[in-house]
Each structure stands twice: as structure tokens, then as C-alpha cells.
Amino acid sequence: MMVESQADSAGLARSRDYPARASSGYVMLVVTLAAIAAMAAGVTLMKSDSAVGLTLLIGGALIFGFLVPGFYMIQPNQAAAITLFGAYKGSDRVNGLRWLWPWMTKKKISLRANNMISERLKVNDLRGNPIEIATQVVWRVTDTAQALFDIDDYKSFVVVQAEAAVRTIGSRYPYDDFEHQEVTLRGNHDQIGAELRTELIARLVTAGITVDECGFTHLAYAQEIAGAMLRRQQAEAVVAARKTLVEGAVGMVEMALDMLSAKNVVELDDERRAAMVSNLMVVLCGERDTQPVVNAGSLY
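Computed from a prediction, not measured in an experiment: that's the story for all the values here. (Residues numbered from 1 in each chain as written. Predicted model: local features only at pLDDT ≥ 70, side-chain atom pairs only at ≥ 80, totals over all residues. Heavy atoms only, no water.)

> I'm lost on the overall build of the protein chain in this one. Help?
When you go through the protein chain residue by residue, the secondary structure sums to seven helices and twelve strands. By residue count, 32% of the 300 residues in the protein chain fall in the buried class. A sequence separation of at least 24 residues applies to 65% of the contacts in the protein chain between residues at least 6 apart. A total of about 18,400 Å² of accessible surface is found on the protein chain, and carbon and sulfur atoms cover 58% of it. (Helix = DSSP H or I, 4+ residues; strand = E, 2+ residues; numbered from the N terminus. Buried < 20%, exposed > 50% of the residue type's maximum accessible area, 1.4 Å probe, protein only. Contact = heavy atoms within 4.5 Å. Areas by Shrake-Rupley, 256 points an atom, 1.4 Å probe, with all protein chains shown as cover.)

This is the structure we're talking about:
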């Protein structure tokens with residue numbers, strides 16, 4: 001890659017990661033050991049031939065002093081950003097012992113996955129209800145140049161953008177919908193988590209960071225309305241249960257009347273039919289057990 005950075009519409013020079021021209025440190029290690037051997041030989045020859053011995057000693061010391069500052073090591077999932085007098089010269093991602101010209105600066109950066117759990121944030125949902133949200137984000141650096149040179153502190157940047165994304169998603173949907181007709185924060189964890197991840201990736205792309213996983217670790221109504229919303233949920237649950245109970249009772253009464261008429265068990269006029277319907281509805285919809293009354297007389 002020939003172009004190290006490009007400017008966006010806002011004037012920010014966006015850096016781009018590309019491989020640095022570094023070499024294996026093991027070859028230079030052999031040369032360093034040879035320089036040490038030359039210095040040892042020079043010390044030995046100083047007694048018999050001082051000129052040769054002094055040359056070997058000085059030459060070995062100069063080579064040793066030149067090579068040693070260029071050594072560095074890179075662990076797995078780690079990179080080193082190389083700069084020359086402030087200019088970015090690529091990133092070295094090759095693991096093991098490495099060597100570079102001593103006058104080039106090396107700054108290591110981790111490419112490993114990082115886990116972040118945000119603080120509990122108070123957000124107003126789509127209906128204006130205050131709720132508390134906390135999220136867990138697994139992120140990692142993918143572009144070392146952007147993370148180091150386009151953002152002042154990329155770790156703090158992740159924290160701030162995560163909070164902003166949580167506020168955006170939290171205000172986009174209602175906390176709950178008892179009728180299950182809307183996408184809600186509490187009822188659609190997978191969909192909300194995927195949308196939160198997409199929002200975070202879009203916000204962190206300028207920092208060379210991607211998000212592998214995210215989701216809510218805490219989701220609840222704020223304390224000031226938690227009691228009222230709990231009573232509302234209980235009332236909605238009671239209404240829904242009553243509705244289901246009444247619908248079932250009406251069906252059972254209708255079935256009972258149809259079967260009595262089809263099998264000619266008993267003929268009921270409108271008044272008796274209404275009384276029977278009333279009794280059956282009381283039996284089926286009542287919360288307490290009913291006490292039967294045995295009629296020992298005639299039908300009427």
C-alpha cells in the first residue's frame with residue numbers, strides 16, 4: 001500500500017494499516033553473538049597484538065551497540081506500529097523475535113478480544129418511560145493505525161460510543177408490550193442485540209475496532225416508576241387472563257347447549273336457557289369452587 005492515509009470530508013487524515021518492513025530477529029541474533037565473540041577475541045588478543053585486538057573489540061562493541069536496540073518481540077494476537085520521526089511506516093504482526101532499524105520507533109498494541117461492561121444508564125424508552133440499561137461488549141482492534149493515530153484514546157472511545165449506542169437503541173423501542181405486537185427491549189433480545197452490535201460497529205469503524213458480541217446485562221424500569229409499572233403489568237395480566245377465561249367459558253357453554261339440543265336431552269325455552277347460561281358462566285368463570293344445589297322437585 002503506497003498511500004499511508006487519506007482525508008475524509010471533515011479533514012481528518014484517516015490512517016490505514018499495512019505491513020511494515022521488519023526482519024526476523026534470529027538472523028540478527030546470530031550477528032549479535034558474533035559481535036560478542038569478536039569482543040571476547042579482541043580482549044584475548046590485546047596481550048599479543050594490541051592493534052588487532054583493539055580493532056576487534058571496538059568493531060564488535062559498535063556492532064553490538066547498533067543491533068541490540070533494534071530487537072523486539074511480538075506475542076500472538078499482538079502488533080507493533082512502526083513510525084519514523086512521527087511518520088507511520090506500517091505494522092508488524094509476525095510473532096516471535098523481530099528486528100528493525102534502531103532509529104525507528106515501535107509501539108505495541110493488543111489485537112486480543114476485550115470485554116467491557118458498561119454502567120447502568122437511565123434511558124427513556126419509545127413511550128417515554130425511564131428505564132435502566134447496562135450492556136456487555138466484546139470488542140477488538142482490527143486496524144492498528146486507526147486505533148493509535150486516528151483516536152486519542154481508543155479504549156475510552158469504546159466506552160463513550162457504547163453508552164451512546166445503548167441510549168440510541170433504548171430510545172428506539174418500548175420496554176415491554178403485553179400484547180406482543182411490537183418489538184420490545186425485554187421480549188426481543190436477539191434482534192435488539194444484533195441491532196446494538198450493528199450500531200456499535202458503525203460508530204467504532206473510525207477507530208479501527210470491531211464488535212464480536214454484545215447484549216444487555218441489566219434491563220429494568222427505573223426505581224421511580226418500577227412499582228407503578230409492576231402494578232400495571234399485574235393488571236394487564238389479570239385482564240388478559242380474564243379474557244382468555246371468558247372466551248373459553250363462552251365456547252364451553254355454547255358446546256353444552258348445542259349437545260343438549262342435538263341429543264334431545266332436555267328442551268329449554270329462552271328463559272331457562274338464559275338461566276342455564278348464567279349458571280354455567282358463574283361456575284366456569286368463578287374464582288372459588290361452586291356449591292351445587294340439588295333440585296329434588298320437578299324440572300320447573
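> Any chance you could explain the packing of helix α4 (residues 154-170) against helix α5 (residues 189-204) here in plain terms?
A pair of packed helices is captured by two measures, namely the crossing angle of their axes and the spacing between those axes. Between α4 and α5, the shortest axis-to-axis distance is 9 Å and the interhelical angle comes to 135°. The angle between α4 and α5 falls in the class oblique. Crossing of α4 against α5: the hand is right-handed. Contacts between α4 and α5 pair F157, V158, Q161, A162, A164, A165, V166, T168 and I169 from the former with I192, E195, L196, E199, L200, R203 and L204 from the latter. When grouped by side-chain class, the residues that make up the contact of α4 with α5 number eleven nonpolar, two polar and three charged. (Axes fitted to C-alpha atoms, helices over the stretch in contact; angles between N-to-C directions. Parallel < 35°, antiparallel > 145°, perpendicular 65-115°, else oblique. Left-handed = near helix turned anticlockwise from the far one by under 90°. Nonpolar A, V, L, I, M, F, W, Y, C, P; charged D, E, K, R; others polar.)

> Mind showing me how you'd approach the pattern of salt bridges here?
Side-chain pairing between opposite charges can occur once the charged atoms of the two side chains come close. What the rule picks out here adds up to six salt bridges. One salt bridge in this structure joins R93 and D17, with 3.0 Å as the shortest N-O distance. Residue R93 is located in the loop between β6 (87-92) and β7 (96-99), and its partner D17 is located in the loop between β2 (13-15) and β3 (23-24); the two are separated by 76 residues in the primary sequence. A single network of salt bridges, built from pairs that share partners, joins R172, E195, E199 and R203. (Salt bridge = Lys/Arg side-chain N within 4 Å of Asp/Glu carboxyl O.)

> Would you explain the nonpolar core in this entry?
One finds I131, V137, W139, V141, Y154, L200 and I209 to be the most contacted residues of the largest nonpolar core, which totals 38 residues. When contributions to this core are tallied by element, the ones reaching two or more residues are β5 (78-84), β10 (121-124), β11 (130-141), α3 (144-150), α4, α5 and β12 (209-221). Here this core gets seven residues from one element, more than from any other, and that element is α4. Once residues lying within four places of it in the same chain are set aside, the contact partners of I131 are L121, K122, V123, D125, G170, Y175, L185, L219, A220, Y221 and A222. Ranked by size, the runner-up nonpolar core spans seven residues in total, among them A20, Y72, A80 and I82. (Core = buried A, V, L, I, M, F, W, Y, C linked by side-chain atoms within 4.5 Å.)

> Explanation requested: the packing of aromatic side chains in the structure shown.
For any two aromatic rings, the description comes down to two numbers: the centre-to-centre distance and the angle of the planes. For the structure on display, the rule yields eight aromatic pairs. Pairing Y18 with Y88 gives two aromatic rings, centres 5.3 Å apart and planes at 75°, and the pair type is edge-to-face. Of this pair, Y18 sits in the loop between β2 and β3 while Y88 sits in strand β6; the two residues are 70 residues apart in sequence, bridging distant segments of the chain. As far as burial versus exposure is concerned, Y18 and Y88 are alike and both buried. The structure contains a cluster of three or more aromatic residues connected by ring pairs, namely F66, W99, W101 and W103. (Phe/Tyr/Trp six-rings, centres within 6.5 Å; stacked < 30°, edge-to-face > 60°.)

> Help me understand the sheet that holds β5, please; the structure alone is not making it clear to me.
Paired through their backbone hydrogen bonds, the strands of a sheet run either parallel or antiparallel. Read across the open sheet, the three strands follow the order β6-β5-β8; overall the sheet is antiparallel. Edge positions in the sheet fall to β6 and β8 (105-110), since each of these pairs with one other strand and no more. Recorded for the sheet is a direction-independent mean angle of 25° between the axes of neighbouring strands. Pairing of β5 with β6, which is carried by four bridges, proceeds in the antiparallel orientation. Within β6, the residue paired with T83 across the bridge is Y88. (Pairing = 2+ DSSP bridges.)

> Explain the packing of helix α1 (residues 25-45) against helix α2 (residues 50-67) to me, please; I cannot follow it from the model alone.
Where α1 contacts α2, the two axes come as close as 7 Å, and the packing angle between them is 155°. Between α1 and α2, the angle is such that the two are roughly antiparallel. For the crossing formed where α1 meets α2, the hand is left-handed. In this structure, α1 contributes M28, V31, T32, A35, I36, A38, M39, A41, G42, V43 and L45 to the contact, and α2 contributes S50, V52, G53, L56, L57, G60, A61, I63, F64 and L67. Tallied by class, residues from the contact of α1 with α2 come to 16 nonpolar, five polar and no charged.

> Looking at this structure, how should I read α2?
Helical geometry: 3.6 residues make up each α-helical turn, so side chains three or four residues apart lie on a common side. End to end, α2 covers 25 Å across 18 residues, agreeing with the expected 26 Å (1.5 Å per residue, within 8%). Listing the buried residues of α2 in full gives G53, G60 and L67. Buried positions in α2, seen along its axis, are confined to an arc of 80° and lie on one side of it. Exposed and oriented more than 90 degrees from the buried face of α2 are T55 and L62. Tucked inside the fold, the buried residues of α2 contact α1, β4 (71-74) and β7. (Expected span 1.5 Å × (residues − 1). Arc of directions from axis to C-beta.)

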